[in-house]
Structures are given as structure tokens and as C-alpha cells.
Amino acid sequence: MKEIIIYTDGSSLGNPGPGGWACILKYGKNRKEISQGYKLTTNNRMELIAAIEALKAIKKKNYKIKLHSDSKYLSDAIKKGWLDKWVKNNWKRNSGKVMNKDLWDQLYNLLKQKNVEFIWIPAHSGIEDNERCDKLAKTAAQSNDLLDDTGYLEDQCLR
């Protein structure tokens, strides 16, 4: 089976604050970098959007995808089965509602369509593509082309 390697990262300059996400997709000798910034968001939202946008960029279904993230929030939710549990429980946790439901729902639907393995990697540990994603995400958060993260605003209403 053909394999695509992905690295993702999210950044927030203040939490909440301006934020950015980035992903690197690698297939054989091909490489693609994608990033975007938002006016007001959180680090967790940027981590999730990075994974979502990376998976959305892959149009074909017959690939083994290895997604590397330094976000325990993201990787634990998938690997420990939290996301499946949240969906079963109608987006409720023992401690209340699931934050970032809009993004988790998007990710859940993408994961049903693709063969994805999540791999947690430690942040700032010298992994070249992770370091590059970190730089791209921070640069995106500081750009003049920032989008509105309406999901962040909706999430705040849940508190």
C-alpha cells in the first residue's frame, strides 16, 4: 500500500490569541507545505485544524497515512479512544461538554474515510519536519492574512 507521511503543528501566540497551523505532506520524493493563520483562536484548535487540513489535502483513499503530531491532546484522543467515546456519548465527557466539538466532528468524519495512524512525537526534539511545521505555524500566526475562527467563538459560548 502506498504511504503518505504527514507532520502537523499548531501555535497560538497567547491562548487565546492569534494562531497558526501548518502541515507537511510527503509522498515519495514529493513534498507539500500548507499553513494558515487565525486572528483569535487557541493552540488546541490549531493542532486540530492542522490535522484536518492535512487529511483534506489527500484526495485518494488507497493510502496508508502516518500523521505525526506533537500534540498529546490530538494523539491521545485518537489512540486512547476518547474521540470514539465522545461521539457515542453525544459529545459529552464526564466533566462536561467536549471542547472544539466542531473540529473533532470534522476529524472524526475524515478518519472514517482514510487509513490513518497517529504518531505522537515530542515537541522541539530536533525532528526536522516537526521543527519546520512549528516555524510555519508561528509565521502564519503573525501574517497579515489572518482568518476568523468562528468555531473558537462558538466554543466560548459553551463555557
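Please refer to the structure placed before this passage.
To keep things clear, this report deals only with the structure shown in the data block. (Residues numbered from 1 in each chain as written. Predicted model: local features only at pLDDT ≥ 70, side-chain atom pairs only at ≥ 80, totals over all residues. Heavy atoms only, no water.)

**Let's talk about the nonpolar core**
Quick reminder of the rule: In these notes, a set of buried Ala, Val, Leu, Ile, Met, Phe, Trp, Tyr and Cys residues joined through side-chain atoms within 4.5 Å is what counts as a nonpolar core. Only protein chains enter the area calculation, which uses a 1.4 Å probe; residues under 20% of their type maximum are buried, those over 50% are exposed, and those in between are partly exposed. Starting at the N terminus, helices and strands are each numbered in turn, a helix being any DSSP run of H or I of at least four residues and a strand any DSSP run of E of at least two. In this analysis, two residues are considered to be in contact whenever any of their non-hydrogen atoms come within 4.5 Å of each other.
Core analysis: the largest hydrophobic core is formed by 30 residues, its most contacted members being Ile6, Leu55, Trp104 and Leu107. Every element with two or more residues in this core is listed here: β1 (2–12), β2 (17–27), α1 (43–56), β4 (63–69), α2 (72–79), α3 (82–88), α4 (101–113) and β7 (115–120). With 8 residues, the top contributor of residues to this core is α1. Ignoring sequence-local partners within four residues, the contact set of Ile6 consists of Ile24, Leu25, Ala54, Leu55, Ile58, Ile65, Lys66, Leu67 and His68. Core analysis: the second largest hydrophobic core is formed by 8 residues, Tyr7, Ala22, Ile121 and Cys133 among them.

**Things to note about α2**
For α2, every residue scored as buried is listed here: Leu74, Ser75, Asp76 and Ala77. The inward-facing, buried residues of α2 abut α1, β4, α3, α4 and β7. Positive phi appears at Gly81, one or two residues downstream of α2, with a value of about 80°.

**Quick word on the side chain of Asp70**
To keep things clear, this is the line we draw: In this tally, Lys and Arg are treated as positive and Asp and Glu as negative; His is ignored, and so are the chain termini. Salt bridge, as used here, is a side-chain nitrogen of Lys or Arg placed within 4 Å of a carboxyl oxygen of Asp or Glu. Two N or O atoms form a polar contact when they lie within 3.5 Å of each other; inside protein one atom must be a possible hydrogen donor and the other a possible acceptor, and for residues adjacent in sequence the pair counts only when both atoms belong to side chains.
Among the structural elements, Asp70 can be located in the loop between β4 and α2. The buried charged residue Asp70 lacks any salt bridge, with Lys138 as its nearest oppositely charged partner at 8.8 Å. A polar atom in the side chain of Asp70 sits 3.4 Å from the side chain of Asn130. Apart from the residues lying within four places of it in its own chain, the contact partners of Asp70 are Thr8, Asp9, Glu47, Trp120, Ile121, Pro122, Ala123 and Asn130.

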